[in-house]
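A closer look at the structure
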2 protein chains.
Amino acid sequence: MAERSVTSGPTIYEVAARAGVSIATVSRTFSDSSKVAARTRDAVLDAARELHYVPAAAARALAVRRSKALGVVLPHIDGPYYAELLVGFEIAASELGLSVVLALAGPQERRSAAVLDLLGRVDGVAFMARGGADDAAVLEVAGVRPTVSVARGRVDGVDAFYAENRGTARELTEHLIQHGHRRIGFVGRPEEGSDIGRRHRGYLEALDAAGLAPAAHFAVAPVEHAGLELADQLLAEQRDDAGGLTGLDALVCGNDELAMALVARMADAGIDIPGRLAITGWDDTVTARYLTPGLTSVRQEVAELGALAARRLAARIGGEPEQGPVTVASTLVLRRSCGCDPAAPLTFAPITDIPTKESS
Amino acid sequence: MAERSVTSGPTIYEVAARAGVSIATVSRTFSDSSKVAARTRDAVLDAARELHYVPAAAARALAVRRSKALGVVLPHIDGPYYAELLVGFEIAASELGLSVVLALAGPQERRSAAVLDLLGRVDGVAFMARGGADDAAVLEVAGVRPTVSVARGRVDGVDAFYAENRGTARELTEHLIQHGHRRIGFVGRPEEGSDIGRRHRGYLEALDAAGLAPAAHFAVAPVEHAGLELADQLLAEQRDDAGGLTGLDALVCGNDELAMALVARMADAGIDIPGRLAITGWDDTVTARYLTPGLTSVRQEVAELGALAARRLAARIGGEPEQGPVTVASTLVLRRSCGCDPAAPLTFAPITDIPTKESS
DNA sequence: CCCCTCAATGGAAGCGCTTACAGTCAGGGT
DNA sequence: ACCCTGACTGTAAGCGCTTCCATTGAGGGG
């Protein structure tokens, strides 16, 4: 089934020949067509169309020493969080005429080869969320290409983007306090420099400001099954003590996954949420609003974060210097699980729109 | 802040000079290093490391006439569905040493330019889900590059991949019938060749086989707010009739989004789900298992679908001919919303693992 | 009517890498 | 000692495009 050599097709030479012009003219037609006479341009365009000409990006990249592509390094996406980040990034990139090359951080060994390969084909790279690569790797990349990081610890020479965490976590915790909760625990492992780490800080600040002590800290991984296990553990202790759920009346969770699992399992076991135990999440996932009771959470403008990162990266490639870290505001979404009782039935989020301008 | 011309860095020439060999040897070292003497290879590798050499993918691509990259065209990702598809695809691609270039289908006008650009930088492209591009566009691409489609209508010359829909929809509907439901409606617009279209077909077949007639068909868009609106409409009619929810006792929904919205709104309004009205979804999203009652749905091996598509695409690029469409099995996930009462508390899905071999 | 200007085009030199093809050199066989 | 073999390595010709420098004409001014 001898296919015509894939990835070949007509070149600028064939188009030039067919249009009766030189390759320089064809090239100009495709880049700055204003320098080409209208008649000539049309002839070239016709020829190109007839031949199904597809410009070879590699050749162009080689000639101009720029690939017009941005690289993204992500941990294996799961959940809407990374997807949204990626969408925001892609849309912004494509508006700038830049392609996006994806690299999911795989097993450690293959990782460095993959990153090297990525580097070779892009003009700049964005590291999203820790887990994608360690700081050393990021630093190394930053030495070779403009680099930005999103929702990730700071690294020198790298523009950092975050969704606001600390302040909002503080607000959230204060809100819980206003509801009358006093024995407030935290769920999630606060790795340094991570989002959850910053949320934990805000939580501590709020408690401190109110003269309260942290009631408990469950440093578990931010995943569903850890939440389920923790719920089971708490329920078991409760049974033994015949006591007060280990002296807790509220739990601030590092993300929705954890919170959802806790709410569901606890409620299943007959614990009154939020009456007996208030629980909050973070991320405002779809599930948060379908949970019973509705999960109080925090909405982050993730898509915007991605978009900002892409634009900044493009600017850096264009020669602009590094800038300080950028924080995008997050907002509390109050539902029933914290103790509120919003009359609203099912609020659903507006379509996320990607802002067009960069805000600093 | 005159940065060193980005995207430049040392070339194979500098490495060769530093290692005291010719560029051919450096090149060989990086490709088939078995043809290079061990001492020489080490010298080259050392030099490369010292210089932070990054091979220019564009130059290589130009020389070998192959970019080692696959393109993916997606509608704007939202929800875990596309994310999972993409992850499966990326993992498989990277195992094959191929990069993934992403193109989200944007506004119509910019779309063709974006696709052209994409074509120029990849060896093959995967169209995922309709909405990414119309059939004509796919066909055109297929004439120029090996092409596969995933969860999308068939197009000549394009290898197609689907999650099983019709048979499972039939099973699901039969299941509902076994529960004693007779007046079963369908929710979702069955665009031809779409997944939902195939689900609708299976639903009709089951009814037909049981000698039942479709009780209703609400051809709405497969999105949350359409589900909410439909729920409100049904509730309003119900109030007027003081009657039987327009003669329905079960609703098969085209996807989870629709089903979730219906379940939540109906339950909120005091309708007994599934007692008064059974509802099923499709996709087995996270929310399905956290909904009250749990949403009966269908799990699709989406990541596997993506992986299969990537491998097939690679094979096509390697010269293999087109093959018939491939279907990946889907499985019913029974929860309470259909009338079942699985004792299990909160079942949670196993980590999706990407199968290593292609099954046909 | 000549010269100059400017717009439109063509010629040709790379961009950094791969890969025939052609050497070079050390051994081994005779 | 001579030739052959085979393992390495070097030379150089592109891959398809961009772009600097001409070159060519067609007006316009004097």
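Values in this document were obtained by computation on a predicted structure and should not be read as measured data. (Residues numbered from 1 in each chain as written. Chains lettered and ligands numbered in written order. Predicted model: local features only at pLDDT ≥ 70, side-chain atom pairs only at ≥ 80, totals over all residues. Heavy atoms only, no water.)

**Digging into the protein's contact with DNA strand C**
Neighbouring residues of DNA strand C: 26 residues in total, closest Arg-28 and Thr-40 of chain A together with Ile-12, Ser-27 and Tyr-53 of chain B. The sugar-phosphate portion of DNA strand C accounts for 64% of its atoms within 4 Å of the protein, the bases making up the rest. One of the side-chain N or O atoms of Arg-65 of chain A is found 3.3 Å from a sugar or linking oxygen in DNA strand C. (Near = heavy atom within 4 Å. Polar contact = N/O pair within 3.5 Å; in protein donor to acceptor, adjacent residues only side chain to side chain.)

**Topic: helix H2 (residues 23–30) of chain A**
Residues and elements named next belong to chain A. When we look at burial in H2, the residues that qualify are Thr-25, Val-26 and Thr-29. Down the axis of H2, the sector holding all buried residues measures 100°, keeping them to one side. Along its buried surface, H2 packs onto helix H1 (12–19) and helix H3 (38–51). (Buried < 20%, exposed > 50% of the residue type's maximum accessible area, 1.4 Å probe, protein only. Helix = DSSP H or I, 4+ residues; strand = E, 2+ residues; numbered from the N terminus. Arc of directions from axis to C-beta. Contact = heavy atoms within 4.5 Å.)

**A few points about the side chain of Ser-99 of chain B**
Residue position: Ser-99 of chain B is located in strand S2 (residues 99–104). Separated by 3.1 Å, the side chains of Ser-99 of chain B and Arg-121 of chain A make a polar contact.

**A short note on the protein's contact with DNA strand D**
Around DNA strand D sit 25 residues, and of these Ile-12, Ser-27 and Tyr-53 of chain A together with Arg-28 and Thr-40 of chain B come closest. For DNA strand D, the fraction of atoms within 4 Å of the protein that belong to sugar or phosphate moieties is 62%. Ile-12 of chain A has a polar backbone atom sitting 2.3 Å from a phosphate oxygen of DNA strand D. A distance of 2.3 Å separates a phosphate oxygen of DNA strand D from a polar side-chain atom of Thr-40 of chain B. Mapped onto the surface near DNA strand D, the elements with two or more residues apiece are H1, H2 and helix H4 (57–64) of chain A together with helix H2 (23–30) and helix H4 (57–64) of chain B.

**Some points on the side chain of Ser-99 of chain A**
For Ser-99 of chain A, a relative accessible area of 8% puts it in the buried group. With residues near it in sequence (within four places) discarded, Ser-99 of chain A still touches Lys-68, Ala-69 and Leu-70 of chain A together with Val-101, Asp-117 and Arg-121 of chain B.

**Focus on the relation of the copies chain A and chain B**
In this arrangement, two copies of a chain are superimposed by a rotation about an axis accompanied by a shift along the axis. Take chain A, turn it by 180°, move it 0.1 Å along the axis, and it overlays chain B with an RMSD of 0.1 Å. Here the transformation between the copies is reduced to the relation of a two-fold axis. A share of 99% of the interface residues of chain A reappears at the interface of chain B, consistent with the copies meeting face to face through the same patch. (Least-squares fit on C-alpha atoms with pLDDT ≥ 70 in both.)

**Notes on the environment of Val-326 of chain A**
Residue and element names in this part refer to chain A. Mapped onto the elements, Val-326 comes out in strand S11 (residues 326–328). We classify Val-326 as buried; its relative accessible area is 5%. Separated by 21 residues in sequence, Val-326 and Leu-305 place their C-alpha atoms 9.0 Å apart.

**A word on the packing of helix H8 (residues 166–178) of chain A against helix H9 (residues 195–209) of chain A**
Residues and elements named next belong to chain A. Remark: H8 packs on H9, axes separated minimally by 7 Å, with the N-to-C direction vectors making an angle of 45°. The orientation of H8 relative to H9 falls into the category oblique. Between H8 and H9 lies a crossing whose hand is right-handed. Between H8 and H9, the contacting residues are Arg-166, Ala-169, Arg-170, Thr-173, Glu-174 and Ile-177 on the first element and Arg-198, Arg-199, Arg-201, Gly-202, Tyr-203, Glu-205, Ala-206, Leu-207 and Ala-209 on the second. Of the residues assigned to the contact of H8 with H9, the class counts are six nonpolar, two polar and seven charged. (Axes fitted to C-alpha atoms, helices over the stretch in contact; angles between N-to-C directions. Parallel < 35°, antiparallel > 145°, perpendicular 65-115°, else oblique. Left-handed = near helix turned anticlockwise from the far one by under 90°. Nonpolar A, V, L, I, M, F, W, Y, C, P; charged D, E, K, R; others polar.)

**Notes on helix H13 (residues 302–317) of chain B**
Residue and element names in this part refer to chain B. Counted at 1.5 Å a residue, the expected span for H13 with its 16 residues is 22 Å, and the 23 Å between its end C-alpha atoms agrees. Taking burial as the measure, the 16 residues of H13 include 15 buried ones, the bulk of the element. Downstream of H13 by a residue or two, Gly-319 has a phi angle that is positive, lying close to 110°. (Expected span 1.5 Å × (residues − 1).)

**Brief notes about the sheet that holds strand S4 (residues 147–150) of chain B**
Strand order in the open sheet formed by twelve strands is S11(A)-S5(A)-S4(A)-S3(A)-S1(A)-S2(A)-S2(B)-S1(B)-S3(B)-S4(B)-S5(B)-S11(B), with mixed pairing between adjacent strands. The open sheet has two edge strands with one neighbour each: S11 of chain A together with strand S11 (326–328) of chain B. Mean inter-strand twist for the sheet, computed between neighbouring axes without regard to direction, equals 20°. Summarising the sheet, strand S3 (residues 124–128) of chain B and S4 of chain B pair through four bridges and their orientation is parallel. Bridge pairing in S4 of chain B links Ala-126 of chain B to Val-148 of chain B. (Pairing = 2+ DSSP bridges.)

**Looking at the interface of chain A and chain B**
Contacts between the two partners involve 67 residues from chain A, matched on the other side by 67 residues from chain B. Summing both sides of the interface, chain A and chain B together bury roughly 5700 Å²; the carbon and sulfur share of this comes to 61%. Note that Arg-289 of chain A and Glu-224 of chain B form a salt bridge whose closest N and O atoms lie 2.6 Å from each other. On the surface where chain A and chain B come into contact, there are 20 residue pairs in polar contact (both at pLDDT 80 or more). Broken down by element, the side of chain A that touches chain B gets its largest block of residues, seven residues, from helix H5 (residues 80–95) of chain A. Along the lines of polarity and charge, the residues of the side of chain A that touches chain B split into 39 nonpolar, ten polar and 18 charged. Pairing of strand S2 (residues 99–104) of chain A with S2 of chain B, which is carried by three bridges, proceeds in the antiparallel orientation. Counterpart to Val-100 of chain A in the pairing with S2 of chain B is Leu-102 of chain B. (Buried area = accessible area lost by both parts, 1.4 Å probe. Salt bridge = Lys/Arg side-chain N within 4 Å of Asp/Glu carboxyl O.)

**Re the sheet that holds strand S9 (residues 278–280) of chain B**
Residue and element names in this part refer to chain B. If you walk across this open sheet you meet the four strands as S7-S6-S8-S9, and the pairing is parallel. Of all the strands in the sheet, the pair left with one neighbour each is strand S7 (216–218) and S9. Neighbouring strand axes in the sheet, compared pairwise and without regard to direction, differ in orientation by 15° on average. Inspection of the sheet shows strand S8 (residues 250–253) paired to S9 by three bridges, in the parallel sense.

**A closer look at the nonpolar core**
In terms of nonpolar packing, the biggest core is built from 68 residues, with Phe-89 of chain A together with Phe-89 of chain B touching the most fellow members. The residues contacting Phe-89 of chain B, other than those within four sequence positions of it, are Leu-70, Gly-71, Val-72, Val-100, Ala-126, Met-128, Gly-306, Ala-307, Ala-309, Ala-310 and Leu-313 of chain B. One finds Val-115, Leu-118, Ala-133 and Val-144 of chain B within the second-largest nonpolar core, a separate group that totals 34 residues. (Core = buried A, V, L, I, M, F, W, Y, C linked by side-chain atoms within 4.5 Å.)

**Overview of the packing of aromatic side chains**
Summed over the entire model, instances satisfying the criterion amount to six aromatic pairs over all chains. Taking 5.4 Å as the distance between ring centres and 65° as the angle between the ring planes, the aromatic pair formed by Phe-30 of chain A and Tyr-53 of chain A counts as edge-to-face. One end of the pair, Phe-30 of chain A, is in helix H2; the other, Tyr-53 of chain A, is in the loop between H3 and H4, and 23 residues separate them in sequence. Exposure remark for Phe-30 of chain A: the relative accessible area of 31% places this residue in the partly exposed category. By relative accessible area, which is 12% here, Tyr-53 of chain A ends up buried. With 5.1 Å between their ring centres and 45° between their planes, Phe-186 of chain B and Tyr-203 of chain B make a pair best called tilted. Residue Phe-186 of chain B is found in strand S6 (residues 184–187), and its partner Tyr-203 of chain B is found in helix H9 (residues 195–209); the two are separated by 17 residues along the sequence. In terms of burial, Phe-186 of chain B and Tyr-203 of chain B fall into one category: buried. (Phe/Tyr/Trp six-rings, centres within 6.5 Å; stacked < 30°, edge-to-face > 60°.)

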